[in-house]
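So the chains spell out like this:
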There are 2 protein chains.
Amino acid sequence: MRRDTVTGMTDQTVPTTAAGEAATARGEQTRQLILETAMRLFRERGYARTTMRAIATEAGVAVGNAYYYFQSKEHLIQEFYARTQTEHRTAAQPVLERESDFAARLAGVLHAGIDVLTPSHEFAASFFKTAAEPTSPLSPFSAESSGPREASIGLYADVLAGSTAKVDAELRPQLPELLWLAYMGVVLFWVYDRSPGQARTRQLIDGAVPLVDQLVRLSRLRVLRPVTQQVVSLIHTLRH
Amino acid sequence: MRRDTVTGMTDQTVPTTAAGEAATARGEQTRQLILETAMRLFRERGYARTTMRAIATEAGVAVGNAYYYFQSKEHLIQEFYARTQTEHRTAAQPVLERESDFAARLAGVLHAGIDVLTPSHEFAASFFKTAAEPTSPLSPFSAESSGPREASIGLYADVLAGSTAKVDAELRPQLPELLWLAYMGVVLFWVYDRSPGQARTRQLIDGAVPLVDQLVRLSRLRVLRPVTQQVVSLIHTLRH
DNA sequence: GCTCCATCTTGAACGCGTTCAACTTATGTC
DNA sequence: GACATAAGTTGAACGCGTTCAAGATGGAGC
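Rules used in this analysis
Residues numbered from 1 in each chain as written. Chains lettered and ligands numbered in written order. Predicted model: local features only at pLDDT ≥ 70, side-chain atom pairs only at ≥ 80, totals over all residues. Heavy atoms only, no water. Least-squares fit on C-alpha atoms with pLDDT ≥ 70 in both. Contact = heavy atoms within 4.5 Å. Axes fitted to C-alpha atoms, helices over the stretch in contact; angles between N-to-C directions. Helix = DSSP H or I, 4+ residues; strand = E, 2+ residues; numbered from the N terminus. Parallel < 35°, antiparallel > 145°, perpendicular 65-115°, else oblique. Left-handed = near helix turned anticlockwise from the far one by under 90°. Nonpolar A, V, L, I, M, F, W, Y, C, P; charged D, E, K, R; others polar. Salt bridge = Lys/Arg side-chain N within 4 Å of Asp/Glu carboxyl O. Buried < 20%, exposed > 50% of the residue type's maximum accessible area, 1.4 Å probe, protein only. Expected span 1.5 Å × (residues − 1). Arc of directions from axis to C-beta. Buried area = accessible area lost by both parts, 1.4 Å probe. Polar contact = N/O pair within 3.5 Å; in protein donor to acceptor, adjacent residues only side chain to side chain. pLDDT = per-residue confidence, 0-100.

Colleague: When you look at the relation of the copies chain B and chain A in this model, what are you seeing that I'm missing?
Modeller: Copy one and copy two of the chain differ by a rotation about a common axis and a shift along it. The two copies are related by a screw operation: chain B maps onto chain A through 180° of rotation and 0.1 Å of translation along the axis, at an RMSD of 0.1 Å. Taken together, the turn and the small shift mark the pair as related by a two-fold rotation axis. Across chain B, the rotation axis passes nearest the C-alpha of Lys-129 of chain B, at a separation of 2.3 Å. Comparing interface residues between copies, 100% of those in chain B also lie at the interface in chain A; the contact surface is shared.

As structure tokens, this is what we get:
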């Protein structure tokens, strides 16, 4: 059974047995071996300088074998997404348990996200272009990325839910996704950030969080209600 | 003399004569021929399906010759930037001459930008990933794109300068670049927009412009001054 | 033990972007 | 006109991601 992504989705082009999840021990072992080798080489040499031949050789298999388990070199990255997302959740947990202030929770979760990404900055930048392509399965907006995406949005739902923040009733249901979008913006900035240790990104978070916090507070204010409603209605329009 | 970009920048790796601009008639002719052929094929077949061999063959030259004039296949796209920018300016001119209301000017210029891009939607999406890579010379933030970028920011400076809008004094000097950034956001949305005729992008513009307009107005309001100042100071911090 | 068949594995081959040493053409100098 | 040098041109070759026909493996049913 040809497996597609780390989410365990079945490849529609090769529908054999119905039990797509039932991977044999032999296959799963090779799959993991190739994956670990690839992740190691990506970190060691960067994405572009790691060839499929090198991955296969180091893993002790044939090139074609790697393509039996992964549709393309790009698909090897999907594993990176899933891992990063899981690590983000773990790293954010203490903050979510400790803090109740909205701004503190948001800042903590954003910083935790960058903490997790930091060791992979160079690597992330080199494959970012792949993720940026709209038609790519690696796009954060793609159907194939829906697993990690939903999980990530859930994280920001928790940021809001566990906080003492008072939010405009109409805005509240939209806010988690908006916060996730803001997180995507931070990641985008981070990828482009050439400052040592990506210090600028930290400044962006520390500067933008109080701003978001204030805007959320002000969303209930009379002068801003029309603007708030405009934002909400724009979101509805765009979502169809 | 090996030419680098459409901006006429000299390739530092091959510094021969000082007069880098003095291209001979023969060379310039071949260069234009390759360029026209490439642009035609890109539009006909899309970026990915157009091979350098096909470009060379159709232009009646050798593959290596194309690489004499253009560092890479990607560099052929830089021409697309420059042309698009020029067309955008032209398409926006009537609006800038006619309207004095800020919101009308901004909406007009944004719509003009999408008007110009529309015929290239498929093509743009396919090479977008290239432009998205931070290290790519095609990134809108790169030094090599500074020409078109500055011109584009200038367009938004005109949007503001010719309008009757009253803007917070501290915010005003930052606004053109912020508007350009918003335009980049619109283009990003447009690239991902799968709705027929990219109707969603039009809705985004029509929905977001009044919002921006209101925020700009409110920037002078007492309750929002702190937020405005925060925004301005954040920009300053991030700019170094 | 034998057969069958899905699963897994192989590596040569393909088309791509890109490079480069060799060659040809044009331009200026005496 | 002859020479020197810069500008322009060539196409075979390289390394890459990817494909695919062919073969090997291992467990289920008898």
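That covers the picture; the talk isn't over yet.
Colleague: Please explain the packing of helix α5 (residues 102-117) of chain A against helix α8 (residues 175-192) of chain A as it appears in this structure.
Modeller: Each pair of packed helices gets described by two things: the angle between the helix axes and the distance between those axes. Residues and elements named next belong to chain A. Running from N to C, α5 and α8 point in directions that differ by 40°, and their axes come no closer than 11 Å. By the angle between their axes, α5 is oblique relative to α8. Crossing of α5 against α8: the hand is right-handed. Of the residues in α8, those touching α5 at Phe-102, Leu-106, Leu-110, Gly-113, Ile-114 and Leu-117 are Leu-179, Tyr-183, Val-186, Val-187 and Trp-190. Considered class by class, the residues forming the contact of α5 with α8 number 10 nonpolar, 1 polar and no charged.

Colleague: Sorry, what's going on with the pattern of salt bridges here?
Modeller: Note on pairing: side chains with opposite charge can pair once their charged atoms come close. Residue and element names in this part refer to chain A. Applying the stated criterion across every chain yields a total of 22 salt bridges over all chains. One salt bridge in this structure joins Arg-40 and Glu-58, with 2.8 Å as the shortest N-O distance. On the criterion of sequence distance, the pair formed by Arg-40 in helix α1 (residues 25-45) and Glu-58 in helix α2 (residues 52-59) is long-range, its members being 18 residues apart. Residue classification places Arg-40 among the partly exposed positions, given a relative accessible area of 37%. Where Arg-225 meets Glu-170, a salt bridge forms, and the shortest distance between an N and an O atom there is 3.1 Å. Of this pair, Arg-225 sits in helix α10 (residues 225-239) while Glu-170 is found in the loop between α7 (146-161) and α8, placing the two residues 55 residues apart along the sequence. Taking relative accessible area as the criterion, Glu-170 reaches 37% and is therefore assigned partly exposed. Among the charged side chains, a salt-bridge network with shared partners connects Arg-40, Glu-44, Arg-45 and Glu-58.

Colleague: Which parts of the structure should I look at to understand α7 of chain A?
Modeller: Quick reminder: α-helices carry 3.6 residues per turn. Residues three or four places apart thus point the same way. Residues and elements named next belong to chain A. Taking 1.5 Å of rise per residue, 16 residues should cover 22 Å, and α7 covers 22 Å from first to last C-alpha, within 8% of that figure. Three or more residues of α7 are buried, namely Arg-149, Ser-152, Ile-153, Leu-155, Tyr-156, Val-159 and Leu-160. Along α7, the residues classed as buried sweep out an arc of 145° about the axis, all on the same side. On its buried face, α7 sits against α4 (75-98), α5 and α8.

Colleague: Please clarify how the interface of chain B and chain A should be interpreted in this entry.
Modeller: Interface size is commonly expressed as the accessible area that is lost once the parts come together. With 37 residues of chain B in contact, the opposing surface of chain A contributes 37 residues. Surface buried jointly by chain B and chain A totals about 3100 Å² across both partners, of which 68% is contributed by carbon and sulfur atoms. In this assembly, chain B and chain A are joined by 0 salt bridges. At the junction of chain B with chain A, the criterion picks out 4 residue pairs in polar contact (both at pLDDT 80 or more). Mapped onto the side of chain B that touches chain A, the elements with two or more residues apiece are α6 (121-132), α8 (175-192), α9 (199-218) and α10 (225-239) of chain B. In terms of residue count, α9 of chain B provides more of the side of chain B that touches chain A than any other element does, 10 residues in total.

Colleague: Would you mind showing me how to read the packing of helix α9 (residues 199-218) of chain A against α10 of chain B here?
Modeller: Two numbers describe how α9 of chain A lies on α10 of chain B: the axes approach to 10 Å, and their chain directions differ by 170°. Relative to α10 of chain B, the element α9 of chain A is oriented roughly antiparallel. When α9 of chain A is examined against α10 of chain B, the residues Arg-200, Gln-203, Leu-204, Gly-207, Ala-208, Pro-210, Leu-211, Gln-214, Leu-215 and Leu-218 of chain A are found in contact with a partner set consisting of Val-227, Gln-230, Val-231, Leu-234, Thr-237, Leu-238 and Arg-239 of chain B. For the contact of α9 of chain A with α10 of chain B, the class distribution of residues is 10 nonpolar, 5 polar and 2 charged.

Colleague: Would you mind showing me how to read helix α7 (residues 146-161) of chain B here?
Modeller: Those residues of α7 of chain B that sit buried are Pro-148, Arg-149, Ser-152, Ile-153, Leu-155, Tyr-156, Val-159 and Leu-160 of chain B. Of the surrounding secondary structure, the elements contacted by the buried residues of α7 of chain B are α4 (75-98), α5 (102-117) and α8 of chain B.

Colleague: Sorry, what's going on with the environment of Leu-155 of chain A here?
Modeller: Of note, Leu-155 of chain A is situated in helix α7. Separated by 59 residues in the primary sequence, Leu-155 of chain A and Leu-96 of chain A place their C-alpha atoms 9.5 Å from one another.

Colleague: How should the confidence of the model for chain A be read in this particular structure?
Modeller: The predicted structure's coordinates, where accompanied by low pLDDT, should not be read in detail. Residues and elements named next belong to chain A. The share of residues in chain A with pLDDT of 70 or more is 88%, and the mean pLDDT across the chain is 84. By mean pLDDT, the top-scoring element of chain A is α5 (97), and the lowest-scoring one is helix α6 (residues 121-132) (75). Taken together, the stretch residues 1-22 has pLDDT below 50 and engages in 34 contacts with residues farther than four places along the chain or on a different chain.

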